[in-house]
Amino acid sequence: DEYWNGQECTACPGDSTGTGDGTLCTCAADQKWGGQACEDCAGGSFSAGGAATMTSCTTCNADEYWNGQECTACPGDSTGTGDGTLCTCAADQKWGGQACEDCAGGSFSAGGAATMTSCTTCNADEYWNGQ
C-alpha cells in the first residue's frame, strides 16, 4: 500500500491502496492519481477508479457516454448530450444508463438535448407543455 514518490516509498493516503507496481495509489471513481494524492476529474471527464486508477481522466467524444468503465457509443439514433453523462432520447423517454426507456404512464420528458434520467409527473392542477 505504498507508492514511489521519486525518493522513497510512501504510504498511500487515506483509504487508498497501492496498485501493486509502486507507481500510484487507487482513487475513487471520477478521480485520478496526481502524484501524491487523488484529484477530482474536471467536469465532463471521468475515471473508473479502483484498480483501474490512472494519472489522467477520460473525456468522451460527442456521441458517447461514460458507462462507469469507459466511453461507449450512444445506441441507435441517439447522440451524446456533450458532457459524456448520457445520450439523447425521444420525447417521453428518459436515459436509463445504457439505453433510452419509456416514461411510465402519466409522466413525461422533453427528450432531445433536454433528455434527463427521470421523467416528470405533473401535479393535479398542472399539465405537460412539452418542455
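Conventions we followed
Residues numbered from 1 in each chain as written. Predicted model: local features only at pLDDT ≥ 70, side-chain atom pairs only at ≥ 80, totals over all residues. Heavy atoms only, no water. Helix = DSSP H or I, 4+ residues; strand = E, 2+ residues; numbered from the N terminus. Buried < 20%, exposed > 50% of the residue type's maximum accessible area, 1.4 Å probe, protein only. Contact = heavy atoms within 4.5 Å. Polar contact = N/O pair within 3.5 Å; in protein donor to acceptor, adjacent residues only side chain to side chain. Phe/Tyr/Trp six-rings, centres within 6.5 Å; stacked < 30°, edge-to-face > 60°. Salt bridge = Lys/Arg side-chain N within 4 Å of Asp/Glu carboxyl O.

1. Considerations on the environment of Cys25
Alright, step 1. Within the secondary structure, Cys25 sits in the loop between strand 2 (9-11) and strand 3 (31-33).
Alright, step 2. Of the residues examined, Cys25 reaches a relative accessible area of 0% and is grouped as buried.

2. Some thoughts on the environment of Asp1
Alright, step 1. Here Asp1 shows up in the segment before strand 1 (2-4).
Alright, step 2. Apart from residues no more than four positions distant in its own chain, Asp1 is found in contact with Thr10, Ala11, Cys12, Thr17 and Gly18.
Alright, step 3. A distance of 3.5 Å separates the side chain of Asp1 from the backbone nitrogen of Gly18, its partner in a polar contact.

3. Comments concerning the packing of aromatic side chains
Alright, step 1. Under the defined criterion, the tally for this structure stands at three aromatic pairs.
Alright, step 2. On the numbers, 5.5 Å between centres and 10 degrees between planes, the contact of Phe46 with Trp66 is stacked. Highlighted residues: Phe46 in strand 5 (residues 45-46) and Trp66 in strand 7 (residues 64-66), separated in sequence by 20 residues.
Alright, step 3. A relative accessible area of 14% places Trp66 in the buried class.
Alright, step 4. Judged by centre distance (5.0 Å) and plane angle (70 degrees), the rings of Tyr65 and Trp95 are edge-to-face. Pair noted here: Tyr65 is in strand 7 and Trp95 is in strand 9 (residues 93-95), with a separation of 30 residues, a long-range link. The pair Tyr65 / Trp95 is uniform in exposure class, with both members buried.

4. Quick word on the side chain of Thr26
Alright, step 1. In this structure, Thr26 sits in the loop between strand 2 and strand 3.
Alright, step 2. On the accessibility criterion, Thr26 (14% relative accessible area) is buried.
Alright, step 3. Excluding anything up to four places from it in sequence, Thr26 contacts Ser16, Thr17, Gly18, Thr19, Cys38, Gly50, Ala51 and Thr53.

5. Here we look at the pattern of salt bridges
Alright, step 1. For the coordinates displayed, the defined rule picks out two salt bridges.
Alright, step 2. For Glu39, the salt bridge identified is with Lys32, shortest N-O distance 3.9 Å.
Alright, step 3. What makes Lys32 partly exposed here is its relative accessible area of 24%.
Alright, step 4. Of the charged contacts, one joins Lys94 and Glu101 as a salt bridge, the two residues approaching to 3.9 Å between their closest N and O atoms.

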